[in-house]
Amino acid sequence: MTTAADTSLDRSVMPPSERRTLLGWMRRNLFSDLLNSALTVVAAAVVFLVALLLLRWALTTAQWGVIPANFNLIMRGQYPAEEAWRLWLALYLLGGVIGLMWRLISGKFSTAALIVFLIPLALREVPLFSWMTRFHLLVVAGAGAGAFYLGAYLPIQRSVRAAVYVLLGYLVVMLVILRGYSGDAGPMPTVTTILWGGLLLSLLLAFFGITLSFPLGVALALGRQSKLPAIRIISVTYIEFIRGVPLISLLFMGQVMLQLFLPDGFPLVDRVLRALVAIILFSAAYTAENVRGGLQSISRGQYEAAQALGLSTYRTTMHIILPQALRAVIPVLVGQFISLFKDTTLVALVGLFDLLGIARTITANPDWLGTQQEVFVVVALLFWIFSYTMSYASRRIEQRLGVGER
Amino acid sequence: MSENATSEEIIICQDVCKWFGEFQALKDCSLRVRAQEVVVIIGPSGSGKSTFIRCINRLEEHQAGDIIVDGIPLTRDVRNIEQIRSETGMVFQQFNLFPHLTVLENITLAPIQVRKMHKDEAHETAMALLNRVGIPEQADKHPGQLSGGQQQRVAIARSLAMSPKIMLFDEPTSALDPEMIKEVLDVMQELAETGMTMLVVTHEMGFAREVADRIVFMDAGEIMEVGTPEHFFTNAQHERTKLFLSQIL
Ligand SMILES: Nc1ncnc2c1ncn2[C@@H]1O[C@H](COP(=O)(O)OP(=O)(O)O)[C@@H](O)[C@H]1O
Ligand SMILES: [Mg+2]
C-alpha cells in the first residue's frame, strides 16, 4: 500500500520529461512557426557569409607577418628590451598576489580558481611565443599556485580587507619595478613612463584607473548623500561637471592645463600620469552615480536597525550600507569599468602609445603599409579578450554573492 | 532593596510633542515606565504609537517636552543619544535584519563594533541567545533563508546581544503569518518574565492581557488612557477606548 502510494506521489512530483535532443531544441526555438523559420534561415545565411568572407581574408589575403615582427611593440611599446625582465618580474608577483588574494578571500580552490590558474598555462600554447616567454608564463602560474598554498600558512587572518592591503602593496611595488629607482645605471635604471606603451600601457591605465577611481567615486556618492551641505554641494558640483564633459577634453586639459592648478615651480608631472589623473577624475564621477543607485536601493529600515543598535554613522556605512549597495551595482560597475578600459584608447589622441597608439604607428610605418586590417583586428581581439574576461568574472561574482541574499 | 529597584522610573516622558511639518503626530504625551515593567501601547492605526516609541531612542526627534532614559536626558548631544541607544533595543515590524550577513554575524556585529567585545565572546553570547530564542541551528544561514517568525526571533536576539536595559517593540508580529505569531510572543513573554523593561506596540490583546503590567491607549497623537489590563477590559473610561476595544476584541 505505502509503496504504491509513494511511487505514484514520486511520479506526480517529477516534471514532465523535456526532450533534450538538438533537433527538438531547434524545432522549439528556431523553427516554431513560419516567420521564425524564415528569420532563422536569413540570419544563418548572413552569419555564414560574413564568416566565410572573414575566414577567406584571414587565410589568404591577410599578411600576418606584421604581427610577429612588431610583437614587442604591441606588447610593451618602447619599453627597453634589456629591461623587459622587470615586466616579467611584475607578472610573477601578480601571479603570486592573485593566488594569495584568492586564499584570503575565498580560501577554496574552486573551478574558477582553476580557470584563472590555467590562463598563463594556456597562453603558453600561443604559437608566436618564444621558449623564454613560455618559461616565464610557467613561473607566473607557479607563483600563483605557490602563493595560494603557502598563503594558508601565513599568520594573516582571512578577510577581504587583508586582500585589499595585499593588492595596494602590490600596486606600489609594481610601480617601483616598472619605473625603476636607481637613476641611469644601477640594478633598476629608470624607464620614463613615456616609453611605456602597447598592451602594457593600456592595461596599466585601466588597472590604476579602476582601482584609484573606485574609492574616490564611492566617497563622492556618499558625499552626495551627506547631511553637511558643503560636502553635498562639492560632490554634486564635481559629479555634474565631469559628467557634462567628454573624456577627451579632460585628457587635453590634463596635458595643457594641469600646470595651472599646481604651485609655481612644481616639477612637470609626466604625461602618462596626467592622462591617468584625467581618467581617474572622469571615471570617479560615473562610479559615484552608479554607487548612488545602489545606495538608494537600501531601505530606511536598514539605517534604523543599525542606529537602534548604537552603530555610528561611519560603522553603519561600512558594515551595513556599502556592502549591500555595492553588491547591488556590481554589474553596472563592471560595465563601467569595461567602458573605461576601452576609453583608455583616447590617450592615443594626446600622443601616448597605448595599444591603439602603437597600432597607428605600426600602420604608418612604410615597411608595413597596407597592413591596417591585420593590426586593427588583432588590437580589437586583444581588447575583446580582456573585456570579455571582466564581464565573465563579474557574472561569476554575482552568482556567488547572490547566494542566500534576501 | 528590590522594591526600590523596581520602583525606579527608567523611562520618563513629559509633555512630548512631535510634528511632521504642519501635522502634529504627538500631543503632550506623558508616560513614566518603571524598571522591569511591561507596558503595552494600543490604538488605531496612525494614532502615533510608532512615533512615540521611536522618539525614545531618537529614531524620531521630538520637538517639545522631555525624555529621560535611565537618567540620561535625550538631547541633541550625540553622546547621550548613543548611550541611550546602546541601552535600548528595538524590534521592528519588518525585522530589518541585515540580509548580507549571516544570522550569527547579524547578532555579533554590534557587540563587536560598539561594545568592542572579543569575537569569540561575541560568538558565545550569540549562540546562547539563539538557543534562548530556539533556533541555534540557523546560525550560519542568511536571513532570507528563514521564515518570518524565525527572522523576528533573530531580530530579538540581535537586540538582546547588546544587553539592553529596555526593549522597544513596534508591532513585532504584524508582518507574520498567523501560525508564526505565537513563537515570537512566547519569546517576548519569556523575556518579560526575566524582568526586562518592555514597551510594546501590538494588537495582540491576549498578550496584553497576560503579560502587560499596564496598557496605554493612544488616539490621534494623544495618550487617552493608561491602566492595568483588568481596568481596560472591565471598565475603560473613555468612549473612544471602549469603541476601539469593541472593534478589536
Ligand atoms: N516620516 C513621517 N512623515 C510624515 N508623517 C508621518 C511620518 N511618520 C508618521 N507620520 C504620520 O504620523 C502619524 C502617526 O504615525 P505612526 O506613529 O506611524 O502611527 P501608528 O504607529 O500608531 O500607526 C500618522 O498620521 C502618520 O501619517
Ligand atoms: Mg506603527
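Per-chain numbering applies: the sequence of each chain, read as written, is numbered from 1 onward. Naming scheme: in the order in which they are written, chains are lettered from A and ligands are numbered from 1. A pLDDT threshold of at least 70 governs which residues receive local features in this predicted model, and a stricter bar of 80 or more applies before side-chain atom pairs are shown or counted, although totals over entire chains, interfaces and linings include all residues. With hydrogens and water excluded, all non-hydrogen atoms of the structure serve as input to the side-chain values.

### As for the side chain of Asp354 of chain A
Residues and elements named next belong to chain A.
Link 1 in the chain: Strands are runs of DSSP state E lasting at least two residues, helices are runs of H or I lasting at least four, and both sets are numbered from the N terminus onward. Structurally, Asp354 is set in the loop between helix 16 (330-343) and helix 17 (355-364).
Link 2 in the chain: Categorising residues by exposure relies on relative accessible area from a 1.4 Å probe, with only protein chains included: less than 20% of the type maximum marks a residue as buried, more than 50% marks it as exposed, and the intermediate range marks it as partly exposed. Just so you know, the count uses Lys and Arg for positive and Asp and Glu for negative, and it drops His and the chain ends. Should a side-chain nitrogen of Lys or Arg be within 4 Å of a carboxyl oxygen of Asp or Glu, the pair is scored as a salt bridge. One buried charged residue, Asp354, forms no salt bridge at all, with the nearest opposite charge on Arg360 at 7.4 Å.
Link 3 in the chain: Side-chain atoms alone can form a polar contact between residues adjacent in sequence; in general such a contact is a pair of N or O atoms within 3.5 Å, and within protein one must be able to donate a hydrogen while the other accepts it. Here Gly357 takes part through its backbone nitrogen, which lies 2.9 Å from a polar atom of the side chain of Asp354.

### Description of the sheet that holds strand 1 (residues 9-20) of chain B
Whether parallel or antiparallel, the strands of a sheet pair through hydrogen bonds between backbone atoms.
Residue and element names in this part refer to chain B.
Link 1 in the chain: Strand pairing is defined by DSSP finding a minimum of two bridges between the two strands. On the basis of which strands lie adjacent, the open sheet formed by four strands has the order 2-1-4-5 and antiparallel pairing. Among the strands making up the open sheet, the edge pair consists of strand 2 (23-34) and strand 5 (72-73).
Link 2 in the chain: Of the pairings in the sheet, the one linking strand 1 to strand 2 comprises eight bridges and is antiparallel in character. Among the inter-strand pairings, Cys13 is bridged to a residue of strand 2, identified as Leu31.

### Considering the packing of helix 10 (residues 198-224) of chain A against helix 16 of chain A
Residues and elements named next belong to chain A.
Link 1 in the chain: Inter-axis angles, ranging from 0 to 180 degrees, are taken between N-to-C directions of lines fitted to C-alpha atoms, where helices are fitted over the stretch in contact. At a minimum axis distance of 9 Å, the contact between helix 10 and helix 16 shows a crossing angle of 140°. It follows from the interaxial angle that helix 10 and helix 16 lie oblique. Both helix 10 and helix 16 take part in a crossing whose hand is right-handed. Contacts between helix 10 and helix 16 involve Ser202, Leu203, Ala206, Gly209, Ile210 and Phe214 on the former and, on the latter, Leu333, Phe337, Leu340 and Phe341.
Link 2 in the chain: Each residue is assigned to one class: nonpolar for Ala, Val, Leu, Ile, Met, Phe, Trp, Tyr, Cys and Pro, charged for Asp, Glu, Lys and Arg, and polar for all the others, Gly among them. Along the lines of polarity and charge, the residues of the contact of helix 10 with helix 16 split into eight nonpolar, two polar and no charged. Oblique is the label for any angle not covered by the other classes, which are roughly parallel (under 35 degrees), roughly antiparallel (over 145) and roughly perpendicular (65 to 115). The handedness criterion is simple: a crossing whose near helix is rotated anticlockwise from the far helix by less than a right angle is left-handed, and one whose near helix is rotated clockwise is right-handed. Only heavy atoms matter for contacts: two residues are in contact if any of them lie within 4.5 Å across the pair.

### Thoughts on the environment of Thr193 of chain A
Residue and element names in this part refer to chain A.
Link 1 in the chain: Relative to the assigned elements, Thr193 resides in the loop between helix 9 (160-179) and helix 10.
Link 2 in the chain: Expressed as a C-alpha distance, the spacing of Thr193 and Leu273, which sit 80 residues apart in the sequence, is 8.2 Å.
Link 3 in the chain: Not counting chain neighbours up to four residues away, the residues in contact with Thr193 comprise Arg179, Asp270 and Val272.

### Focus: the domain arrangement of chain A
Residue and element names in this part refer to chain A.
Link 1 in the chain: How far each domain reaches was decided by an automatic or database domain assignment. Domain assignment breaks chain A into domain 1 (80-191) and domain 2 (196-406).
Link 2 in the chain: Contacts between domain 1 and domain 2 engage eleven residues on the former and nine residues on the latter.
Link 3 in the chain: By definition, the buried area sums, over both parts, the 1.4 Å-probe accessible area that each loses when the two are put together. When domain 1 packs against domain 2, close to 920 Å² is buried across both sides, 81% of that on carbon and sulfur atoms.
Link 4 in the chain: In this structure, the connection of domain 1 to domain 2 is made through zero salt bridges.
Link 5 in the chain: Linking domain 1 to domain 2 there are one residue pair in polar contact (both at pLDDT 80 or more).
Link 6 in the chain: Among the elements of the structure, helix 7 (111-123) and helix 9 are those that each provide at least two residues to the side of domain 1 that touches domain 2.
Link 7 in the chain: Grouping the amino acids of the side of domain 1 that touches domain 2 by side-chain chemistry returns nine nonpolar, one polar and one charged.

### Section: the interface of chain A and chain B
Link 1 in the chain: Taken together, the contact pairs 22 residues of chain A with 26 residues of chain B.
Link 2 in the chain: Between chain A and chain B, a total of about 2,100 Å² is buried, with carbon and sulfur atoms accounting for 59% of that surface.
Link 3 in the chain: Summed over the shared surface of chain A and chain B, the number is one salt bridge.
Link 4 in the chain: Ionic pairing is found between Arg54 of chain B and Glu304 of chain A, a salt bridge with its closest N-O pair at 2.7 Å.

### Regarding the site of ligand 1
Residue and element names in this part refer to chain B.
Link 1 in the chain: Residues are counted as near a molecule or strand when any one of their heavy atoms sits within 4 Å of it. Taken together, Phe20, Phe23, Ala25, Pro44, Ser45, Gly46, Ser47, Gly48, Lys49, Ser50 and Thr51 form the complete shell of residues around ligand 1.
Link 2 in the chain: Take Thr51: an N or O atom from its side chain is 2.5 Å from an oxygen atom of ligand 1.
Link 3 in the chain: At the level of secondary structure, the elements contributing two or more residues to the shell around ligand 1 comprise strand 2 and helix 2 (49-56).
Link 4 in the chain: For the shell around ligand 1, the leading source of residues is helix 2, giving three residues.
Link 5 in the chain: Its residues assigned to classes, the shell around ligand 1 shows four nonpolar, six polar and one charged.

### A closer look at the packing of helix 13 (residues 271-296) of chain A against helix 16 of chain A
All names here are of chain A.
Link 1 in the chain: For the pair helix 13 and helix 16, the least separation of the axes is 10 Å and the interaxial angle reads 160°. Regarding the angle of helix 13 to helix 16, the classification is roughly antiparallel. Every pair of crossing elements has a handedness; the one defined by helix 13 and helix 16 is right-handed. In this structure, helix 13 uses Ile279, Phe282, Ser283, Tyr286, Thr287, Asn290 and Val291 to contact helix 16, whose residues at the interface are Val332, Leu333, Gln336, Phe337, Leu340 and Asp343.
Link 2 in the chain: Residue composition of the contact of helix 13 with helix 16, by class: eight nonpolar, four polar and one charged.

### Some remarks on the sheet that holds strand 9 (residues 214-219) of chain B
Residues and elements named next belong to chain B.
Link 1 in the chain: Read across the sheet, six strands follow the order 6-7-8-3-9-10 without closing on themselves; strand pairing throughout is mixed. Edge strands, defined here as strands with exactly one partner in the open sheet, are strand 6 (88-91) and strand 10 (222-227). Neighbour to neighbour, the strand axes of the sheet diverge by 15° on average, direction disregarded.
Link 2 in the chain: As judged from the five bridges shared by strand 9 and strand 10, these two strands associate in the antiparallel manner. By the bridge assignment, Asp219 is partnered in strand 10 with Glu222.
Link 3 in the chain: Sheet strands touched by helix 2: strand 3 (38-42), strand 6, strand 7 (166-170), strand 8 (197-201), strand 9 and strand 10. Its angle to strand 7, the strand with the most contacts, is close to 155°.
Link 4 in the chain: Taken strand by strand, helix 3 (residues 78-87) contacts strand 6 and strand 7, and its axis lies near 65° from that of strand 6.

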